[in-house]
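Understanding the architecture of this molecule
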Amino acid sequence: MAAQVSALSSLGVPEADVGVRRGWGRAGRGSRLLPGLLAECGSLQSEEEEEEEEEEAEPGPSAAAAAEQRREERLRRFRELHMKRYEACKLNSQEVVEEDKRLKLPPNWEAKKARLEWELQVQEKKKECAARGEDYERVKLLEVSAEDAERWERKRKKKNPDLGFSDYAAAQLRQYQRLTRQIKPDLEQYERLKEQCGEALYPTSDSLLHGTHVPSKEGVDRMVADLEKQIEKREKYSRRRPYNDDADIDYINERNAKFNQKAERFYGKYTAEIKQNLERGTAV
């Protein structure tokens, strides 16, 4: 290693540049070129020693000319090595700078960048549509294929997120929507009632229908089965949750415990750090 460093130093390369510089220890492209450069320096050094031995064994003008030619060849190769080393240092420094930039970026920078690029493209398309006097939403829908539209519609129908209890009106509306989605209309019965009642099937504010409708036995059975299913589901949902003896006691009564559970469900992820600091006694 010392011989290789001295060989590079003989060409005017400082020893500090030959060794480990800023970034040489990192996995850059320049650091991968270093072993090859050192190996080539070693081969040049061994060739030089062999040529010196040959010159001592065969003195003469022809031997001096051959030695001068070989010396020029070695100098040329050393210059090439110097240029390769300079290129390796340059590439490695660039890699170090790029790595520092990447480390300073936020972890979700790629997603944010893609999002910003998409927003810029949308803005440009909106401007182009406005210049042509077209509706952007309509143009955007024309670019959507039928398969993508069907897939998005299926995903939208599957979405029915339960956001938790907010008030009784919202819970009642959610239950009503769930029950109406389960209704399977009997179109044959509807056509029979339409022929039998005529325009009276569509009541107005002046219609009097109280006491005129007699439900069928199948309809009554269907309603009873649905009510029994609701009662069974409600009983399962209302079962008492098992008590955890190892849980922290942060309530004064049952009502306060339920309130704390709801608060933890909705705001626990936002107050976890504050809670930990209070428990450790390190809160500011």
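What you see is a predicted model; the values in this text were computed from it and never measured.

1. Remarks on the overall build of the protein chain
The helix and strand inventory of the protein chain stands at 11 helices and 0 strands. Here the protein chain holds 284 residues, and the buried ones make up 13% of them. Here the analysis covers contacts within the protein chain between residues at least 6 apart in sequence; of these, 62% occur between residues at least 24 apart. When the accessible surface of the protein chain is totalled, it reaches about 24700 Å², and 54% of it is carbon and sulfur.

2. Looking at helix H5 (residues 109-132)
Spanning 24 residues, H5 covers 35 Å between terminal C-alpha atoms, matching the ideal 34 Å at 1.5 Å per step. Of the residues flanking the end of H5, it is Gly133, one or two places downstream, whose phi is positive at about 75°.

3. A closer look at the layout of surface pockets
Its boundaries defined by the atoms lining it, the second largest pocket holds a volume of some 1100 Å³. Residue lining of the second largest pocket: 31 residues in total, with Gln189, Leu193, His213, Gly219 and Arg222 positioned closest to the centre. When residues of the lining of the second largest pocket are assigned to their parent elements, the largest contribution, 8 residues, is made by helix H10 (residues 217-237). Class assignment for the residues of the lining of the second largest pocket results in 15 nonpolar, 9 polar and 7 charged.

4. Remarks on the confidence of the model for the protein chain
Per-residue pLDDT for the protein chain averages 76, and the proportion of residues at 70 or more is 72%. Below pLDDT 50 for its whole length, residues 1-5 participates in 7 contacts with residues either more than four positions away or in separate chains. Across residues 11-30, confidence stays below pLDDT 50; counting only partners more than four residues off in sequence or on other chains, it has 43 contacts.

5. What about the packing of helix H8 (residues 168-182) against H10?
With their axes 13 Å apart at the nearest point, H8 and H10 run at an angle of 135° to one another. If you check the angle between H8 and H10, you find them oblique. Two packed elements cross with a definite hand, and for H8 against H10 that hand is right-handed. Of the residues in H10, those touching H8 at Gln175, Arg178, Leu179 and Gln182 are Asp226, Gln230, Lys233 and Arg234. Across the contact of H8 with H10, the residue classes break down as 1 nonpolar, 3 polar and 4 charged.

6. Considerations on helix H11 (residues 254-280)
Across its 27 residues, H11 extends only 27 Å between first and last C-alpha, which sits more than 12% below the 39 Å expected from 1.5 Å per residue. Of all bends in H11, the biggest is about 90°, found at Gly268. Every buried residue of H11 is accounted for by Ala257, Asn260, Gly268 and Asn277. At the C-terminal side of H11, Gly281 shows a positive phi close to 80°.

Calculation notes
Residues numbered from 1 in each chain as written. Predicted model: local features only at pLDDT ≥ 70, side-chain atom pairs only at ≥ 80, totals over all residues. Heavy atoms only, no water. Helix = DSSP H or I, 4+ residues; strand = E, 2+ residues; numbered from the N terminus. Buried < 20%, exposed > 50% of the residue type's maximum accessible area, 1.4 Å probe, protein only. Contact = heavy atoms within 4.5 Å. Areas by Shrake-Rupley, 256 points an atom, 1.4 Å probe, with all protein chains shown as cover. Expected span 1.5 Å × (residues − 1). 1 Å grid on protein atoms, 1.4 Å probe; cavity = no way out; pocket = protein on both sides within 12 Å on 5 of 7 lines; lining within 4 Å. Points joined across faces, edges and corners; volume = space filled by probe spheres on them. Nonpolar A, V, L, I, M, F, W, Y, C, P; charged D, E, K, R; others polar. pLDDT = per-residue confidence, 0-100. Axes fitted to C-alpha atoms, helices over the stretch in contact; angles between N-to-C directions. Parallel < 35°, antiparallel > 145°, perpendicular 65-115°, else oblique. Left-handed = near helix turned anticlockwise from the far one by under 90°. Bend = angle between axes of the 7 residues up to and from the residue.

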